[in-house]
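Summary of structural features
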Amino acid sequence: MPKISEDIIRTVIEHAKIEEVVGDFVTLRKAGVNLTGLCPFHDDKTDGNFIVRPSTLSYDRPGRNSYKCFVCDAKGGPVQFLMNHERLSFPDAIRWLGKKYCIDVDNVPLNWTPPPPKPVPPPPPPLEIPRSYVRRTIEIEQDRTVIFTYWLRGLPWDDEQLGRLQQTLWMYCVGGWKDGRVVFWQIDHNGIPRAAKLMKYLADGHRDKTQHPGWIYNQDGCRQQLDPEHHTILKPLFGSHLLNRYPQAVINIVESEKTAIIMANYYGNNDSQIWLACGGLKHLQLDSLQPLIDQGRTIWLWPDKDGRDEWQTVCDKLGYDKCRVYTHFFDTCWTPADGDKADIADIAIRMMGDPTFRPKEIKEKDHTPQGGDTETPCDPLKPKNVTDEEWFEHLEIMKAIGDYEIIYPDGEPFLPEDEMADPRLRLWREILRQRYNFKILNS
Ligand SMILES: [Zn+2]
């Protein structure tokens, strides 16, 4: 049998695209810069372990044009995939690829024809929850019957932190349910509410573990209206709606919504950093990180003490060079008295009561979470194109008018008509328009 020439082998290997070769056998979907599907080399029930690093990555990216399973450790390029999966010899794998990519290899017949592309039924439309639902749950929270936010308000915040707590709750659209459960909205980066998790907390701030979290689309009344059965349920990271508001900010991702709220209020969300939550150790999904990667954001993962290895694996699978696991907080702030079960929020709460510790002491090279500067506090509600002076004046005006907390100048997350219905906001718009010839308020 004639040997296949080196040149032809090289040409075939150059043309073979791992995503297409694996895609002939495995249904793949996008996951970050990679693709993922069920591993064909072990009895895989959960996708996300089998990662394909596509040929479309730049040449300097490690692992480009290869596959790897993080469970059974299967790995290789297009040729290895065929040799392992189809049990082909090396020359036959080259012939297979030659046939697929229309490259003449030799005259040795190969009993194979490329399979037709698998038809994939289109997924049902994604669920969009009306914004009026968000508003209604915030109104319930405002009635102060939600145990979680009641507890939160009683933490030993300093004056600055306490001063911004209501804004923090409100930025995250934290709501309440009729039965006292807290509602954590999952609003996507385009401002569309996709899901809301309902959680019961005890008076000590811990979750009532006897009850599983509920989802808004499964609640009585909501189920009929939202029809989750005929929709794709998306679960964006908690706080995703803040992404576009802070386009330059480093994204800190923690496990629980509670931790995100506490850390956001502790440091203050600002132009340099914001806090998002994935909902738990096991819920850091490649899908939900996609919008962050699309925006080229810097991502810092803040796992709790027992989650480091797992999140490091997610980070490795992601293969995104602007994502890393941040452990400095635990390394410097955890004490044995906190216990092995302590999460980030527990430590932050303990530090609140410790006057010798200030948030600014946390440092790591190029990423330093910062509290808002006390000289010029960074107000999360300040519109981008408003100067500090203008904003200060606005606050003075609003103080004179009354409570300014309920006004959200950028129109997110409330509907414009909500704002227009608020006479104080109309007055504010009018004052700003007259004084500063405002362009943001294009009404
Ligand atoms: Zn595997």
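Whatever comes next refers back to the structure up there.
Heads up: these notes are all about the structure in this document. (Residues numbered from 1 in each chain as written. Predicted model: local features only at pLDDT ≥ 70, side-chain atom pairs only at ≥ 80, totals over all residues. Heavy atoms only, no water.)

Some details on the side chain of E19
- Position of E19 among the secondary structure elements: in helix α2 (residues 18-23).
- It is K17 that comes nearest to the buried, bridge-free E19 among opposite-charge side chains, at 6.1 Å.
- Within polar-contact distance, the side chain of E19 engages the side chain of S55 at 2.7 Å. (Helix = DSSP H or I, 4+ residues; strand = E, 2+ residues; numbered from the N terminus. Buried < 20%, exposed > 50% of the residue type's maximum accessible area, 1.4 Å probe, protein only. Lys, Arg positive; Asp, Glu negative; His and termini not counted. Salt bridge = Lys/Arg side-chain N within 4 Å of Asp/Glu carboxyl O. Polar contact = N/O pair within 3.5 Å; in protein donor to acceptor, adjacent residues only side chain to side chain.)

Comments concerning the packing of aromatic side chains
- If you walk through the whole model with that rule in mind, you get 20 aromatic pairs.
- Summarising the aromatic geometry, the rings of F184 and F238 are spaced 5.4 Å apart at their centres and angled 80° between planes, so their arrangement reads as edge-to-face. Linking F184 in strand β7 (residues 182-187) with F238 in the loop between α8 (222-226) and β10 (250-254), this pair joins segments that are 54 residues apart in sequence. As far as burial versus exposure is concerned, F184 and F238 are alike and both buried.
- Each member of the aromatic cluster is reached from another via a ring pair, and the members are Y266, Y267, W275, W300, W302, Y326, F329 and F330.
- Lying over the aromatic face of Y59, R64 brings its terminal NZ or CZ to 3.9 Å of the ring centre.
- Positioned over the ring face of Y101 is K100, at 5.8 Å from the centre of the ring. (Phe/Tyr/Trp six-rings, centres within 6.5 Å; stacked < 30°, edge-to-face > 60°. Lys NZ or Arg CZ within 6 Å of the ring centre and 35° of its normal.)

Some points on the pattern of salt bridges
- On inspection of all chains with the given rule, the structure shows 19 salt bridges.
- When the shortest N-O distance is used, the salt bridge between R194 and D188 registers 3.0 Å. This pair shows no difference in class: R194 is buried, exactly as D188 is.
- The residue R223 makes a salt bridge to E229 at a minimum N-O spacing of 2.9 Å.
- Relative accessible area serves as the criterion here: at 31%, R223 is assigned to the partly exposed category.

Some points on the pairing of β10
- Along β10, 5 of the 5 residues are buried, which leaves the element largely enclosed by surrounding structure.
- Two strands pair when backbone bridges link them, and β10 and strand β11 (residues 273-277) are joined in this way by 5 bridges, in the parallel orientation. Counted as the bridge partner of I253 is L276 from β11.
- Handedness of the crossover is the feature at issue here: the chain leaves β10, passes through helix α9 (residues 257-267), returns alongside β11, and the resulting connection is right-handed.
- The sheet contact formed by β10 and strand β12 (residues 299-302) spans 4 bridges and is parallel. (Pairing = 2+ DSSP bridges. Right-handed = clockwise from strand over helix to strand, strands pointing away.)

Here's the deal with helix α11 (residues 308-318)
- Within α11, the full set of buried residues consists of W311, V314, C315, K317 and L318. Mapping the buried residues of α11 onto a view down its axis gives an arc of 165°, with all of them on the same face.
- Buried-residue contacts for α11 involve β2 (34-37), β3 (50-53), β10, α10 (286-294), β12 and β13 (323-325).
- The positive-phi residue at the C-terminal boundary of α11 is G319, with phi of around 60°. (Arc of directions from axis to C-beta. Contact = heavy atoms within 4.5 Å.)

Nothing here speaks to function; it is all geometry.
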